[in-house]
Amino acid sequence: MTALAIEVRGLGKGYGRGSRRVQALRDLQLSVPRGAVFGLVGQNGAGKTTCIKVMLGIARPDEGEVRVLGGDPIDVAVRARIGYLPENLQIPGHLDAFGLLEAIARLRGLPASGLGERIAQRLTAIGLQPSAWRRPASTWSKGMRQRAGPPTRPRAARARAPGPR
């Protein structure tokens, strides 16, 4: 299993009870090698989002096994190595990019010393012009929301990745 980034065997997940129960996933099999690029494609209701939620450890499967980076995605050590940025990132509309990164830094316990300079470097690295740093999130485009969102890769991977994300 170490050569696989994602391994899903016999995954089943349902929602609801009784006659209202919906089976979102049934006996899903999936293997994704490390370093591969893949996509989940299917019609609405096919279980794509449910599959992602299980792979992120947000939802628990009813049956089957999911391994991500060789471990259970519910494990804190595994989750720390998983990155995820939702398509529609929700950011409080009153926050600006600088304030958002300040809040994230505080939540992550980063030292206050030099924080403003590190935030300015990060905003520059993601291609955000200084004139936009203090604009409220309610005025941002979808692309700006995604660029300003939390980093989606572990620190070691970010250091090796070419260019801004």
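Going by the structure above, here's the rest.
Residues numbered from 1 in each chain as written. Predicted model: local features only at pLDDT ≥ 70, side-chain atom pairs only at ≥ 80, totals over all residues. Heavy atoms only, no water.

## Observations regarding the packing of aromatic side chains
Here is step 1: Applying the stated rule across the entire model yields one aromatic pair.
Here is step 2: Centroid distance Phe 98 to Trp 133: 6.2 Å. Interplanar angle 35°. Geometry classified as tilted. In this pair, Phe 98 is assigned in helix α3 (residues 97–107) and Trp 133 in the loop between α4 (115–125) and α5 (142–148), connecting sequence segments 35 residues apart.
Here is step 3: On the accessibility criterion, Trp 133 (14% relative accessible area) is buried. (Phe/Tyr/Trp six-rings, centres within 6.5 Å; stacked < 30°, edge-to-face > 60°. Helix = DSSP H or I, 4+ residues; strand = E, 2+ residues; numbered from the N terminus. Buried < 20%, exposed > 50% of the residue type's maximum accessible area, 1.4 Å probe, protein only.)

## Description of the side chain of Lys 13
Here is step 1: Tracing the backbone shows Lys 13 in strand β1 (residues 4–15).
Here is step 2: Judged by relative accessible area, which is 12%, Lys 13 ranks as buried.
Here is step 3: A polar side-chain atom of Lys 13 sits 3.0 Å from the main-chain carbonyl oxygen of Arg 60.
Here is step 4: Those residues in contact with Lys 13 that sit more than four places away from it in its chain are Val 22, Gln 23, Ala 24, Leu 25, Thr 50, Ala 59, Arg 60, Pro 61 and Asp 62. (Polar contact = N/O pair within 3.5 Å; in protein donor to acceptor, adjacent residues only side chain to side chain. Contact = heavy atoms within 4.5 Å.)

## Examining the pattern of salt bridges
Here is step 1: All told, the structure shown has six salt bridges when counted by the stated rule.
Here is step 2: Note that Lys 13 is salt-bridged to Asp 62, the shortest N-O span being 3.9 Å. Of this pair, Lys 13 sits in strand β1 while Asp 62 is found in the loop between α1 (48–56) and β3 (63–68), placing the two residues 49 residues apart along the sequence.
Here is step 3: When its relative accessible area of 42% is taken as the criterion, Asp 62 is described as partly exposed.
Here is step 4: Glu 65 serves as the salt-bridge partner of Arg 67, at 4.0 Å between the closest nitrogen and oxygen.
Here is step 5: Residue classification places Arg 67 among the partly exposed positions, given a relative accessible area of 23%.
Here is step 6: Overall, Glu 65 belongs to the partly exposed group, its relative accessible area being 37%.
Here is step 7: Among the charged side chains, a network of salt bridges with common partners joins Lys 13, Arg 21 and Asp 62. (Salt bridge = Lys/Arg side-chain N within 4 Å of Asp/Glu carboxyl O.)

## Comments concerning the sheet that holds β1
Here is step 1: Read across the sheet, three strands follow the order β2-β1-β3 without closing on themselves; strand pairing throughout is antiparallel. Where the open sheet ends on each side, the last strands, each with one partner, are β2 (22–33) and β3. When the angles between neighbouring strand axes are averaged without regard to direction, this sheet yields 20°.
Here is step 2: Here β1 pairs with β2 via eight bridges, running antiparallel. (Pairing = 2+ DSSP bridges. Axes fitted to C-alpha atoms, helices over the stretch in contact; angles between N-to-C directions.)

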